[in-house]
Amino acid sequence: MRSRKVPASLISKGEFGKKLTALVLPITFQQFMLSVVSASDALMCGGISQDLLSAVSLASQVTFVYNLFLAAMTIGTSIFAAQYWGKGDTSAIEKILAIVLNTSMAVSFVFFAASAVFPGLLMRIFTPDPLLIGYGTDYLRIVSVTYLMCGFSQIYLCIMKNSNLAGRSMAISSTAAVLNIILNAVLIYGLFGAPSMGAAGAAAATAISRAVELLWVIVEMQKAGRIKARLRYMRRTDRRLFKDFWHYTLPVLGNELVWGGGFTMYSVIMGHLGTDAVAANSIANIVKNIIASLSLGIGNGGSIMVGNELGAGNLPKAKAMGSRLCHIAIISGIASGAFLLVIRPFVMMLTELSPQARTYLWWMLFMCAFYMVGKYINGTTIAGIFCAGGDSRFGFLCDTVTLWCFTVPVGLLAAFVFKWPVLAVYFIVNLDEIVKLPAVYRHYKKYIWLKDLTVNPPEKHQA
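In this report, the structure presented in the accompanying data block is examined.

1. Concerning the state of the cysteines
Part 1: Applying the stated rule across the entire model yields zero disulfides.
Part 2: Lacking any disulfide linkage, Cys368 is separated from the closest cysteine sulfur, that of Cys398, by 20 Å.
Part 3: Considering cysteine sulfurs only, Cys405 is the nearest to Cys398, which forms no disulfide, with 11 Å between them.

2. What to know about the environment of Thr351
Part 1: On the secondary structure map, Thr351 appears in the loop between helix 13 (315-350) and helix 14 (355-388).
Part 2: Spatially, the C-alpha atom of Thr351 lies 9.7 Å from that of Leu361, the residues being 10 residues apart in sequence.
Part 3: If sequence neighbours within four positions are ignored, Thr351 has contacts with Ile283, Arg358 and Leu361.

3. Looking at the packing of helix 6 (residues 145-161) against helix 8 (residues 199-221)
Part 1: Running from amino to carboxyl end, helix 6 crosses helix 8 at an angle of 40 degrees, the nearest separation of the two axes being 9 Å. Accordingly, the angle class assigned to the pair helix 6 and helix 8 is oblique. Classified by chirality, the crossing of helix 8 by helix 6 is left-handed. Of the residues in helix 8, those in contact with Val145, Thr146, Met149, Cys150, Phe152, Ser153, Gln154, Tyr156, Leu157 and Met160 of helix 6 are Thr206, Ala207, Arg210, Ala211, Glu213, Leu214, Val217, Ile218, Glu220 and Met221.
Part 2: Partitioned by chemical class, the residues of the contact of helix 6 with helix 8 number 13 nonpolar, four polar and three charged.

4. With respect to the pattern of salt bridges
Part 1: All told, the structure shown has nine salt bridges when counted by the stated rule.
Part 2: Here Glu94 and Arg230 are joined by a salt bridge, their closest N and O atoms 2.7 Å apart. Of the two residues, Glu94 is situated in helix 3 (residues 90-117) and Arg230 in the loop between helix 8 and helix 9 (231-235); the sequence distance between them amounts to 136 residues.
Part 3: Here Glu433 and Lys436 are joined by a salt bridge, their closest N and O atoms 3.7 Å apart. Here the two residues Glu433 and Lys436 agree in accessibility, since each one is buried.
Part 4: Overlapping salt bridges bring together Arg168, Glu220, Lys223 and Arg226 as one network.

5. Concerning the environment of Ala55
Part 1: Mapped onto the fold, Ala55 is located in helix 2 (residues 50-87).
Part 2: A sequence separation of 81 residues divides Ala55 from Gly136, and the C-alpha atoms of the two residues are 5.2 Å apart.
Part 3: With sequence-adjacent residues up to four places away left out, Ala55 is seen in contact with Met123, Leu132, Tyr135 and Gly136.

6. Quick word on the packing of aromatic side chains
Part 1: Tallying each qualifying case throughout the model produces 17 aromatic pairs.
Part 2: Between Phe69 and Phe111 the ring centres are 5.6 Å apart and the planes differ by 65 degrees, which places this aromatic pair in the edge-to-face class. One end of the pair, Phe69, is in helix 2; the other, Phe111, is in helix 3, with 42 residues separating them in the sequence.
Part 3: Note on Phe80 and Phe245: the rings are 6.2 Å apart at their centroids and 45 degrees apart in plane angle, and the pair reads as tilted. Note that Phe80 is positioned in helix 2 and Phe245 in helix 10 (residues 239-271), a separation of 165 residues in sequence. Taken individually, Phe80 and Phe245 each receive the classification buried, so the pair is uniform in this respect.
Part 4: Sitting over the face of the ring of Tyr371, Lys288 holds its NZ or CZ atom 4.3 Å from the ring centroid.
Part 5: Looking at Arg344, its charged tip hangs above the ring of Trp362, at a distance of 3.7 Å from the centre.

7. A few points about the side chain of Ser78
Part 1: Residue placement: Ser78 occurs in helix 2.
Part 2: Not counting residues up to four positions away in its chain, the partners in contact with Ser78 are Gln83, Cys158 and Asn162.

The rules behind the values
Residues numbered from 1 in each chain as written. Predicted model: local features only at pLDDT ≥ 70, side-chain atom pairs only at ≥ 80, totals over all residues. Heavy atoms only, no water. Disulfide = S-S within 2.5 Å. Helix = DSSP H or I, 4+ residues; strand = E, 2+ residues; numbered from the N terminus. Contact = heavy atoms within 4.5 Å. Axes fitted to C-alpha atoms, helices over the stretch in contact; angles between N-to-C directions. Parallel < 35°, antiparallel > 145°, perpendicular 65-115°, else oblique. Left-handed = near helix turned anticlockwise from the far one by under 90°. Nonpolar A, V, L, I, M, F, W, Y, C, P; charged D, E, K, R; others polar. Salt bridge = Lys/Arg side-chain N within 4 Å of Asp/Glu carboxyl O. Buried < 20%, exposed > 50% of the residue type's maximum accessible area, 1.4 Å probe, protein only. Phe/Tyr/Trp six-rings, centres within 6.5 Å; stacked < 30°, edge-to-face > 60°. Lys NZ or Arg CZ within 6 Å of the ring centre and 35° of its normal.

This is the structure:
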């Protein structure tokens with residue numbers, strides 16, 4: 001659907017800035033803290049040995065794959081929660097919440113069972129090294145229980161972000177993250193009389209912090225005026241909302257699996273290029289994820305802002321918001337890449353790696369700086385603006401072509417057939433965000449995402 005050019009005056013800078021700050025800053029901080037937790041797992045284990053760092057990083061790929069399912073569920077939830085919140089229909093939001101929880105808890109049980117019963121088999125997917133498999137097995141057995149807890153807590157935290165409680169959602173998630181970091185130090189190194197548990201300590205710290213997060217979420221949900229998880233909606237699904245939800249969420253799930261599967265293949269490729277490559281890649285990913293926290297904040301916050309306006313029927317205003325968000329994403333991507341280059345020497349000072357791994361890491365961080373520009377633009381458009389209006393199929397098709405027709409097969413050939421150097425392989429597998437930019441720009445200008453997905457008028461909520 002093409003739209004006429006919309007004047008920016010439809011939304012004042014003050015109004016836009018206020019809404020953006022109220023959403024993006026809490027979400028960014030929340031994502032930042034989650035990235036810091038992942039960093040603390042790896043870096044504290046790295047303080048014991050490089051092998052322990054590599055093992056925990058590889059074992060965390062199981063959690064990464066699980067998070068792909070959760071990401072699809074939360075994006076699908078946001079698509080409808082943001083629009084129905086803009087429309088004022090809380091009953092529809094509770095019905096959507098019930099649909100998502102039924103699915104997320106089922107998926108969580110599958111990951112729990114697989115990680116608890118077959119951790120060694122899962123580790124062999126990523127590495128043939130017996131030592132790394134042993135460390136990773138200890139980690140997965142304990143961390144498996146967190147999947148059951150996250151299946152509920154992460155979905156409800158998403159609902160809170162979409163119902164004017166982004167700050168409270170941030171407080172819950174960030175407190176759990178700080179607790180996780182403290183417990184990491186205590187249980188990994190054996191501080192204050194606690195046993196030194198290594199990889200198992202990192203997993204135990206995660207499990208305890210997730211339990212605290214879940215309990216806090218349950219308490220928060222009981223408060224007056226909150227969106228509720230109602231058993232009657234979980235037992236009897238609203239068929240129209242169920243159909244609408246999966247119509248727009250299935251492409252998101254496909255997109256997450258396609259992208260995540262490709263990203264996991266990158267870890268498989270690097271995991272078979274030696275422990276130096278694994279260690280350097282692990283640190284580079286940690287730094288990249290921390291700096292990309294703002295891109296997730298802009299994408300998620302922007303999605304909620306645009307979705308609210310679309311649900312309220314303010315399509316021209318939603319278009320103006322989308323334009324401003326894209327400009328912010330470009331500037332932020334360039335600034336983040338420059339910032340990464342500036343901090344690169346400090347990252348090198350803080351890491352204890354072999355000389356070969358340090359060489360790899362220096363140049364990997366250089367490549368990541370350019371990756372940031374594409375990451376910010378694509379994160380804001382594909383996962384944010386497009387999904388706000390239910391335009392979720394494009395991301396699925398775009399990532400399928402980019403990853404599985406280019407970066408993954410070329411990366412496999414470079415690593416295992418042509419035997420190219422590690423840094424050349426790393427360069428290839430980090431081209432995906434740059435390669436898709438022209439297609440993303442063309443699709444954005446079609447304005448297919450300018451769509452109100454709500455149908456019925458708001459229902460008066462009955463407790």
